Amino acid sequence: LVEEVKPDLITFTGDIGYCTSAYLKIIKDIDKYGIPWAPVMGNHDGTCCISEFWCAYRLYKAKNCIFRFGPEGMGYGNYIISIKESGKTIHSLFMMDTHCDLRDEGNINGALNSGYDNLWGNQFEWYKWAVGGIEKLEGRNVESTVLMHIPLVEFRTAWNEAYDSTNGKYKDEYADTSFGVNHESVCCPTANNGFFSLCKELGSTKNIVCAHDHVNNSSILYDGIRLTYALKTGPGGYWEEEMNGGTKLTVKSDGSITTEHIYIDPNTL
């Protein structure tokens, strides 16, 4: 995939490796390309490993990885990547940790939630601070993308609203702007944390990219923001041949992004 796309930056949307030896192997394999790479943590990063912190520290110490821990008390790996042209930031990538599974019913920004965690209130404040700071620095609102692991509730809402499951196609009002399919349920929190509404309010983020569900790759323009499942890479865990490869984001000079899935069947390698 890297050899085909020749990217300027490689991103991972979580669940990078499962167990200590796998983690060390994937870091070595990606580092060898000599291309900057930037991951966020998934709910299984740390599973069968020494600890989640150990995984984050290995990423931080990797030669070509630009992972940063971010502020304390927000998990691991909340950081910002500025994409520049002629010295000006034209697009920002917000890398954000959606934490782990909730084993018991818990609290998500004041609402009862079960199943999966997501972004916390202090991450909201950090995001608002960052969007405002970039806008002040550049003298304008800068378009941005948020990369996370566990999808927002809106990923489920958008799919249910946009896709005609009876006829196996997108509804007319979404057909020209949406692509991809979901082969499993959207595994998001039960409570809506309000982050999507915050993105709409601030007007910077036009793309939210998640992972988590291995055989979903829908990309839906919903209420002004594109919600995209990054295409699963590799045969780890459960997977499907026709739902494998990677998602290519191309940043244009005006800061806007185009999104495309690049399909590769691991069986052919």
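Residues numbered from 1 in each chain as written. Predicted model: local features only at pLDDT ≥ 70, side-chain atom pairs only at ≥ 80, totals over all residues. Heavy atoms only, no water.

Across the sheet, six strands lie side by side as β3-β4-β7-β10-β12-β11; this open sheet has mixed pairing. Across the chains shown, the open sheet's two edge strands, defined by having one partner strand only, are β3 (79-85) and β11 (219-222). Between one strand axis and the next, the sheet turns through 20° on average, direction left out of account. Where helix α5 (residues 153-162) meets the sheet, it contacts β10 (205-210), β11 and β12 (225-229), and its direction lies at approximately 90° from that of β11. Sitting on the sheet, helix α7 (residues 195-202) touches β7 (144-147), β10, β11 and β12, and the angle it makes with β12 is about 140°. (Pairing = 2+ DSSP bridges. Helix = DSSP H or I, 4+ residues; strand = E, 2+ residues; numbered from the N terminus. Axes fitted to C-alpha atoms, helices over the stretch in contact; angles between N-to-C directions. Contact = heavy atoms within 4.5 Å.)

Taken together, the side chains of Glu161, Asp172, Glu173 and Asp176 make up a negatively charged region of the molecular surface. On the secondary structure map, Asp176 appears in the loop between α6 (172-175) and α7. By relative accessible area, which is 77% here, Asp176 ends up exposed. (Patch = residues over 30% accessible without salt bridge, like charges linked within 9 Å, V, L, I, M, F, W, Y side chains within 5 Å. Areas by Shrake-Rupley, 256 points an atom, 1.4 Å probe, with all protein chains shown as cover. Salt bridge = Lys/Arg side-chain N within 4 Å of Asp/Glu carboxyl O. Lys, Arg positive; Asp, Glu negative; His and termini not counted. Charge placed at Lys NZ, Arg CZ, Asp CG, Glu CD. Buried < 20%, exposed > 50% of the residue type's maximum accessible area, 1.4 Å probe, protein only.)

Let us now look at the nonpolar core. Counting residues in hydrophobic clusters, the biggest one holds 35 residues, and the most contacted among them are Phe94, Tyr127, Phe195 and Ile208. At the level of secondary structure, the elements contributing two or more residues to this core comprise α4 (121-138), α5, α7, β10, β11 and β12. Other than its neighbours up to four places away in sequence, Phe94 contacts Tyr79, Ile80, Trp126, Tyr127, Ala130, Val131, Ile134, Ser144, Thr145, Val146 and Leu147. Core analysis: the second largest hydrophobic core is formed by 28 residues, Tyr23, Ala56, Ala62 and Val209 among them. (Core = buried A, V, L, I, M, F, W, Y, C linked by side-chain atoms within 4.5 Å.)

Here we take up the packing of α4 against α7. Their axes nearest at 11 Å, the elements α4 and α7 cross at an angle of 15°. Relative to α7, α4 is oriented roughly parallel. When the axes of α4 and α7 are compared, the crossing they make is right-handed. Contacts from Phe124, Tyr127, Lys128 and Val131 in α4 reach Phe195, Leu198, Cys199 and Leu202 in α7. When the residues that make up the contact of α4 with α7 are grouped by side-chain class, the tally is seven nonpolar, no polar and one charged. (Parallel < 35°, antiparallel > 145°, perpendicular 65-115°, else oblique. Left-handed = near helix turned anticlockwise from the far one by under 90°. Nonpolar A, V, L, I, M, F, W, Y, C, P; charged D, E, K, R; others polar.)

Moving on, we come to the environment of Ser256. Residue placement: Ser256 occurs in the loop between β13 (245-251) and β14 (257-263). When its relative accessible area of 19% is taken as the criterion, Ser256 is described as buried. Residues Ser256 and Cys100, spaced 156 residues apart in sequence, show a C-alpha to C-alpha distance of 31 Å. Once residues lying within four places of it in the same chain are set aside, the contact partners of Ser256 are Glu143, Thr250 and Val251. Polar contacts involving the side chain of Ser256 include one to the side chain of Asp254, which spans 2.7 Å. (Polar contact = N/O pair within 3.5 Å; in protein donor to acceptor, adjacent residues only side chain to side chain.)

Taken together, the four bridges between β11 and β12 define a ladder with antiparallel strand orientation. If you follow Leu221 over to β12, its bridge partner there is Arg226.

Another point: α7. Because an α-helix packs 3.6 residues into every turn, residues spaced three or four apart end up facing the same way. Those residues of α7 not exposed but buried are Phe195, Phe196, Leu198 and Cys199. Each buried residue of α7 sits inside an arc of 160° when the element is viewed along its axis, so together they form one side. Among the structural elements, α4, β7, α5, β10, β11 and β12 are those in contact with the buried residues of α7. One or two steps after α7, the chain reaches Gly203, where phi turns positive at roughly 75°. (Arc of directions from axis to C-beta.)

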